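# Close look at the chain arrangement
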Amino acid sequence: MNGAFLVRRNAEPALLDDVAVVRITQFRTALLDAINDECRVVSFFGRRNGDRIELVAVVAEDAGGELGFLRTVLDAPRFESLTPECPQVHLFEREIAEQFGVEPAGHPWLKPVRDPMATKFFRVEGDEVHEVGVGPVHAGVIEPGHFRFQCHGEHVFHLEIALGYQHRGIERALAGGPSKKTIPMMETAAGDTTIGHTLAYCQAVEGLAGVKPPARAHALRGIALELERLANHTGDLGALSGDVAYLPAASFCGRLRGDYLNLTAELCGSRFGRGFVRPGGVQFDLPAERAGAVARRLDVATRDAAAAIALLWQTPTVMERFESTGTVETDTCEEIGMVGVAARACGRGIDVRHDFPFGIFRFVHVPVMTAHHGDVNSRAVVRWLEIQRSAEFVAEQLAMLPATPVLAAAPVRPAPGCIIASLTEGWRGEICHVAITGDDGRFTRYKITDPSFHNWFGLALALRGGEISDFPLCNKSFNLSYCGHDL
Amino acid sequence: MTYPDGTPPALPAHFRGAPEIDAAKCPDGCAVCAEACPTDAITGAGPNIGIDLGRCLFCPECEAACPQGTIRFGSDYRLAARTRGDLQSLAGEERKLAERLDDALRRLFGRSLKLRVVSAGDCNACASDVNVLSTIGWDIGRFGIEIVASPRHADGLLVVGPVTETMRLALRKTYDAIPDPKIVIAVGACAISGGIYAGHPEQHDGAAGIVPVDCFIPGCPPHPLTILDGVLRLLGRLPPGA
């Protein structure tokens, strides 16, 4: 990573003043150099600094486990867009423009991120070209979003995705925290990723406060994170099966997802992990006899899952629909900054648990699972591989929980004047929380980046050249969060 | 699953159902539970203490904060109510659970209820645990209840989420597209009161400000059993005394 950036590890704090503030021209050069030098943008956002707008970039160098911070203060309400040279910041720049009224000049498609009604859509003109609009209310129990297809018959030229229907004002409300409202907002930022987001938050405030959770808390957090992955991956494989009208695996997996959610409920009373992860550790301990019971139920569920999911690979009609559908090329995946399952399905071996190990994953290594075709099938295969690794991890941890308390004794009070980036690997992929504290230790800015923020454009590109009837299948194979994006 | 004729499915050890409040334990002037509550769901103090289940997230904060053990979340999963006022859980008073629909509506919907689900700012947890009712374990089809794609095919609307401003119009249009007579069920703290997002200008503090709500099912998210209990209660499909 080039010298302009202040380098920190995952969830390691820095004094904000130690992060260099450079001119926008240097900022651009440093950021573009870093991207050309194997770094990724994990977060890029604006904040108010006095009466001016400051931009903060956080980049990741996966191989070295390093996070780099750099700032610039804008002296004009516009700056030269980085998107033409660095497409992975396209949505971050749109967000900055929307939130702070500054213009990334030269941005190829500058429109709001969370105001779906107030925008024009990209349009393809020509004989027999037609437009299909879907949503925000969809034909199922699913979050709202609007999908605009430019088609010629079944053939999709272009898909534009307009989100913002789930915008509840989370980031705005987090400023001034931590407060008693902070944790419930973290738990519901993307409610199917309660553990992933709440853990990222807790790591951030623990890092800022210099508090270390006890070993047993790390193990229990890891178990909860992997149970969340097990439930969602299993549910997704079932839903993919349902989307190709193969009902046996869909039915089995629908039930098994519930079995995994019920194991999370054994930890804390809530199937979604509400009330479990707290600054300093976890709220509930898992006594040995219940840990044993959870391990036995996990074993049964995972053996059932193996049998149910094996049906997919053995069924030619399923394979025919999965293979070569919704392909994202590896180069494209890298260029647009995809993360998580969708990136690993393109052969990108990135996983926060491995590259920026946190909590229990500093001591126990979960292998990074990849596939190589970037299609629906690869995204399904990565999920199945990860189900096996997560189940092994949880079984191992349940059998060897450290004998310590589950909450740190020290209060978790963030230090003033700091910045911290906290990463976790949620079941969809990389979750990044960046907290900046003011003189009183309260958040002056709290930036959440759900993996979906990086990946929605990947779904749009996966549809190009495909058929409109493949959309539900492709959408499910990414299964991105609307609320995690909209916040 | 033998429920509702047989026993309901087992609930987990730390399950947080209807709160049990022992106001006799409250010392004068103590408000630690109210101060700990993220959604200000705790009303009154001392002998008049109560919890607004429409705002309650069923999180462990008040229970953990109270040194006397006044508030304890029990195992009663039955939470649905017909009016917002009936969600007020007061110390020493029995809660009024949802009454069934009137006879005319029960004749129409009692054995066949098609619901259109609209997600309007929810975090995907309420939606997921509504969705799970259609899986083979819960199988709401056995009651003639079905989640349908088109509002034109629906008898009612099930709303999750606080109703974001960006979804207000879509929710209203979906409601209008459902033929009369129709019912509306609000599931989860967000859809009832805005939940943790109450007061945010980006949302509308729940569904009732946009569409008339016939049944409120509290929780964050409610357990699938709580949701099923609420819907069956509304339809009068539960055995006597349940």
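Before reading further, recall that the structure is shown in the block above.
Here the structure is a predicted model, which is why all the values come from computation and not from measurement.

### Description of the interface of chain B and chain A
On the chain A side, the residues contacting the 50 residues of chain B number 50 residues. Contact with chain A buries area across many residues of chain B, yet His14, Thr166 and Tyr197 of chain B alone supply 16% of it, more than any other trio. Our count for the contact surface shared by chain B and chain A stands at 4 salt bridges. A salt bridge links glutamate 202 of chain B to arginine 172 of chain A, with the nearest nitrogen and oxygen atoms 2.8 Å apart. There are 23 residue pairs in polar contact (both at pLDDT 80 or more) connecting chain B and chain A. Contributions of two or more residues to the side of chain B that touches chain A are made by helix H1 (32–36), helix H2 (61–65), strand S6 (113–119), helix H4 (125–131) and helix H5 (165–177) of chain B. With 5 residues, H4 of chain B is the single largest residue contributor to the side of chain B that touches chain A. Of the residues belonging to the side of chain B that touches chain A, the class tally is 29 nonpolar, 13 polar and 8 charged.

### Quick notes on the pairing of strand S15 (residues 430–437) of chain A
Residue and element names in this part refer to chain A. Along S15, 8 of the 8 residues are buried, which leaves the element largely enclosed by surrounding structure. Going residue by residue along S15, you find Glu430, Cys432, Val434 and Ile436 tucked away on one face and Ile431, His433, Ala435 and Thr437 tucked away on the opposite face as well. The pairing of strand S14 (residues 418–425) with S15 spans 7 bridges and is antiparallel. In the strand pairing of S15, leucine 423 is matched with cysteine 432. Connecting the antiparallel pair S14 and S15 is a turn made up of 4 residues, with glycine 429 showing a positive phi of about 150°. One ladder, built from 6 bridges, connects S15 with strand S16 (residues 443–449); its direction is antiparallel.

### Some thoughts on the pattern of salt bridges
Within the structure shown, the criterion is met by 50 salt bridges over all chains. Between glutamate 165 of chain B and arginine 168 of chain B there is a salt bridge, with its nearest N and O atoms 3.1 Å apart. Pair noted here: glutamate 165 of chain B and arginine 168 of chain B are both in helix H5, with a separation of 3 residues, about one helical turn. Overall, the relative accessible area of 36% leaves glutamate 165 of chain B in the partly exposed class. We classify arginine 168 of chain B as partly exposed; its relative accessible area is 33%. Among the ionic contacts, a cluster of salt bridges with common partners joins Glu226, Arg229, Arg344, Asp351, Arg353, Glu386 and Glu425 of chain A.

### Thoughts on helix H2 (residues 90–100) of chain A
In terms of burial, H2 of chain A is largely enclosed, as 9 of its 11 residues are buried. Looking at the residues trailing H2 of chain A, positive phi occurs at glycine 101 of chain A, about 65°.

### Some thoughts on a negative patch on the surface
All names here are of chain A. Together, Asp33, Asp37, Glu38, Glu329, Asp331, Glu334 and Glu335 make up a negatively charged patch on the protein surface. A total of 3 residues in the negative patch trace back to one element, the largest contributor, which is helix H10 (residues 330–335). Within the element layout of this structure, aspartate 331 appears in helix H10. Aspartate 331 gets classed as exposed once you look at its relative accessible area, which sits at 62%.

### Side note on the sheet that holds strand S3 (residues 50–52) of chain B
All names here are of chain B. What the 3 strands build is an open sheet, ordered S2-S3-S5; its pairing is antiparallel. Of all the strands in the sheet, the pair left with one neighbour each is strand S2 (42–43) and strand S5 (88–90). With 3 bridges connecting them, S3 and S5 associate as antiparallel partners. Following the sheet pairing, isoleucine 51 is matched in S5 by serine 89.

Thresholds, definitions, all that
Residues numbered from 1 in each chain as written. Chains lettered and ligands numbered in written order. Predicted model: local features only at pLDDT ≥ 70, side-chain atom pairs only at ≥ 80, totals over all residues. Heavy atoms only, no water. Contact = heavy atoms within 4.5 Å. Buried area = accessible area lost by both parts, 1.4 Å probe. Salt bridge = Lys/Arg side-chain N within 4 Å of Asp/Glu carboxyl O. Polar contact = N/O pair within 3.5 Å; in protein donor to acceptor, adjacent residues only side chain to side chain. Helix = DSSP H or I, 4+ residues; strand = E, 2+ residues; numbered from the N terminus. Nonpolar A, V, L, I, M, F, W, Y, C, P; charged D, E, K, R; others polar. Buried < 20%, exposed > 50% of the residue type's maximum accessible area, 1.4 Å probe, protein only. Pairing = 2+ DSSP bridges. Patch = residues over 30% accessible without salt bridge, like charges linked within 9 Å, V, L, I, M, F, W, Y side chains within 5 Å. Areas by Shrake-Rupley, 256 points an atom, 1.4 Å probe, with all protein chains shown as cover. Lys, Arg positive; Asp, Glu negative; His and termini not counted. Charge placed at Lys NZ, Arg CZ, Asp CG, Glu CD.

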